[in-house]
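# A structural walkthrough
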Amino acid sequence: MTTLQVKYNNDKSRDYTKMDLPSGETMGMPSHDHAMYVPGLLPSFPHHHHHHHNPVLGGMRFPNMHSANSGSSVLLVSNLNPDRVTPDALFTLFGVYGDVHRVKILYEKRDSALIQLADSNQSHLAMSHLNSLKLYDKPMRVALSKHQQVSLPKEGQQDAGLTKDFTNSPLHRFKKPGSKNYQNIYPPNQVLHLSNIPASVTEDELKTAFNQHGTVCGFKFFPKDRKMALIQLNNLEESVEALVAMHNYPLGDNQHLRVSFSKANI
């Protein structure tokens, strides 16, 4: 942002180079509708501004002005487990909170990755839920990147399959405007929500599949809709690994399991 345009001199904004600006008190402050809205998160400013002066730029509020990268849709994820992490695992986990377009595990620094989401609301949401979460025994550090996009490797460039473009993936959860998935975004939890379960698949089959990734200690089908179930793992780390491994798991009848974090307890 090169220039800060101040329209009024009052207790919320002041331009010391133009002391003759109006106070603007009678016009009211810009409405909250312009604030950055993130599905699943409250807007990032309080309703009372006595102790929190947000810069007002031409009627638009910009929360978190202290971060130069606040509009970035690219995340820098570090402290990954280089022996186990893959672009697909990061696509699935970060895809719980937004549509991941590209993932690049850094060739020279395999414990770090750049992840590009569809927009900055989704990157903020993913960062708020996944920063410090353990994946493959290591707590991830998630921050906004200064990069505006993730570049694909040039032809002939060494990459070892560490960069993947998921832009046209059929697995994006939020592609449809107004998708129900927007209303079902929850923090990581040891209870997982399963959907798209074929009628032929039994509780034991699902438990056996999930037990490959941890210890299942609770399970129940939804009473009114057997296509959905809740499954509980022994701890959060196991449920994270189970979600990464089991989302889009083939279940026969050409059906693929859908897995997300639940807010419920069993």
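Position numbers for residues count from 1 along each chain, tracking the sequence in the order it is written. Thresholds applied to this predicted model are a pLDDT of at least 70 for local features of residues and 80 or more for the giving and counting of side-chain atom pairs; totals over whole chains, interfaces and linings are not thresholded and use all residues. Each side-chain value is derived from all of the structure's non-hydrogen atoms; neither hydrogens nor water enter the calculation.

### Some words on the confidence of the model for the protein chain
For the protein chain, mean pLDDT is 83; residues scoring 70 or higher make up 74% of the total. Within the model, the stretch residues 25–66 combines pLDDT values under 50 with 59 contacts to residues more than four positions away or in other chains. Within a predicted model, pLDDT stands for the predictor's per-residue confidence, ranging from 0 to 100. Contact definition: two residues touch when any of their heavy atoms are within 4.5 Å.

### Examining the packing of helix H1 (residues 87–94) against helix H4 (residues 236–246)
Lines fitted to C-alpha atoms define the axes, with helix axes restricted to the stretch in contact, and inter-axis angles between N-to-C directions lie between 0 and 180 degrees. The helix and strand labels rest on DSSP assignments: H or I over at least four residues marks a helix, E over at least two residues marks a strand, and numbering proceeds from the N terminus. At a closest axis distance of 9 Å, the pairing of H1 and H4 adopts a crossing angle of 110°. Considering the angle they form, H1 stands roughly perpendicular to H4. From H1, Ala89, Thr92 and Leu93 reach across to H4, where they touch Val240, Leu243 and Val244. Residues are grouped as follows: Ala, Val, Leu, Ile, Met, Phe, Trp, Tyr, Cys and Pro are nonpolar; Asp, Glu, Lys and Arg are charged; every other residue, Gly included, is polar. Within the contact of H1 with H4, the residues separate by chemical class into five nonpolar, one polar and no charged. In these notes the angle categories are as follows: under 35 degrees is roughly parallel, over 145 is roughly antiparallel, 65 to 115 is roughly perpendicular, and the rest is oblique.

### Some thoughts on the environment of Pro198
Mapped onto the elements, Pro198 comes out in the loop between strand E10 (191–195) and helix H3 (203–210). Since its relative accessible area comes to 2%, Pro198 is described here as buried. In sequence terms Pro198 and Leu257 are 59 residues apart; their C-alpha atoms lie 8.8 Å from each other. Setting aside its immediate chain neighbours within four residues, Pro198 contacts Arg226, Leu251, Gly252, Asp253 and Gln255. When a residue's accessible area, from a 1.4 Å probe over protein chains only, is under 20% of the maximum for its type it is buried; when over 50% it is exposed; and in between it is partly exposed.

### Let's talk about H1
Burial analysis of H1 places seven of its eight residues in the buried class, the great majority of the element. Taken as a whole, H1 has its buried residues at Pro87, Ala89, Leu90, Phe91, Thr92, Leu93 and Phe94.

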